[in-house]
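# Chain and residue survey
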Amino acid sequence: MLATRETRRTARPLRQTIRPTGVERRFRDSDIIVTKTDPKGRITYANDIFLAVSGFREEEVIGQPHSLVRHPDMPRCVFQLLWETIQKGEELFALVVNLCKNGDHYWVLAHVTPTADGSGKVLGYHSNRRTAPRAAVDAITSLYAELRGIEHGHEDRRRGLEASRARLDSFLREKGVSFNEYVLTLARN
Ligand SMILES: Cc1cc2nc3c(=O)[nH]c(=O)nc-3n(C[C@H](O)[C@H](O)[C@H](O)COP(=O)(O)O)c2cc1C
């Protein structure tokens, strides 16, 4: 029997630094970019749209963490919040900029969810990504720049992360919304 995409694995780690080109790649509003991971966040499935937009071959992404496509403009505190949320069994919506294999980038509105068995044990995670409205990208870009600035402003990585997370929390408190509410409000406007 042929291995399916869900079961095929690659043992070869793809560790390379992609240099951003600054060129944005767009995809259709009807496209959904999908990946699934195991509980540790290693990619177990990537749909054809993910491969087409990112420019990676399937065997280059299966078994890899999503940090493969991590863009340096993304604040670390957003991924901290993502993992805290999904590990609690909850969903997270986030505006994320990702790198393509050639260094181009693309913005998405991601919906990340845990997949659990009948007893509540997390079997893995799932991300569905759609196009992000331009106004939402513009709004989140300035917040992300501020958070990244805080992270880079500390020599100690842990302190930088604590400070940017505290700023993100106070930003949301001032607005009286959760992260998901803030992101969905931006995405709907
Ligand atoms: C289902 C799922 C989807 C994810 N999608 C992305 C993604 O598209 N881009 C990204 O940079 N990180 C994504 N992450 C977060 C990564 O696991 C990781 O936290 C992030 O890339 C930061 O990596 P680093 O801390 O090693 O720099 C995803 C995580 C999960 C569980």
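Here goes a summary of the coordinates provided. (Residues numbered from 1 in each chain as written. Predicted model: local features only at pLDDT ≥ 70, side-chain atom pairs only at ≥ 80, totals over all residues. Heavy atoms only, no water.)

Looking now at the layout of surface pockets. Volume-wise, the largest pocket comes out at about 490 Å³. For the largest pocket, the lining is made up of 25 residues, of which H66, S67, F79, L82 and W83 are closest to its centre. At the level of elements, β1 (33-37), α3 (76-87), β3 (92-99), β4 (105-116) and β5 (122-131) are the ones that each hand at least two residues to the lining of the largest pocket. If one sorts the elements of the lining of the largest pocket by residue count, α3 sits on top with five residues. (1 Å grid on protein atoms, 1.4 Å probe; cavity = no way out; pocket = protein on both sides within 12 Å on 5 of 7 lines; lining within 4 Å. Points joined across faces, edges and corners; volume = space filled by probe spheres on them. Helix = DSSP H or I, 4+ residues; strand = E, 2+ residues; numbered from the N terminus.)

This brings us to the packing of helix α4 (residues 134-152) against helix α5 (residues 157-175). Direction vectors running N to C along α4 and α5 enclose 150°, while the axes themselves pass 7 Å from each other. On the basis of their axis angle, the class for α4 and α5 is roughly antiparallel. Where α4 crosses over α5, the two elements pack in a sense that is right-handed. Only G160, L161, A163, S164, R167, L168 and F171 of α5 make contact with α4, whose side of the interface consists of L143, E146, L147, I150 and E151. A breakdown of the residues in the contact of α4 with α5 according to their chemical character gives seven nonpolar, two polar and three charged. (Axes fitted to C-alpha atoms, helices over the stretch in contact; angles between N-to-C directions. Parallel < 35°, antiparallel > 145°, perpendicular 65-115°, else oblique. Left-handed = near helix turned anticlockwise from the far one by under 90°. Contact = heavy atoms within 4.5 Å. Nonpolar A, V, L, I, M, F, W, Y, C, P; charged D, E, K, R; others polar.)

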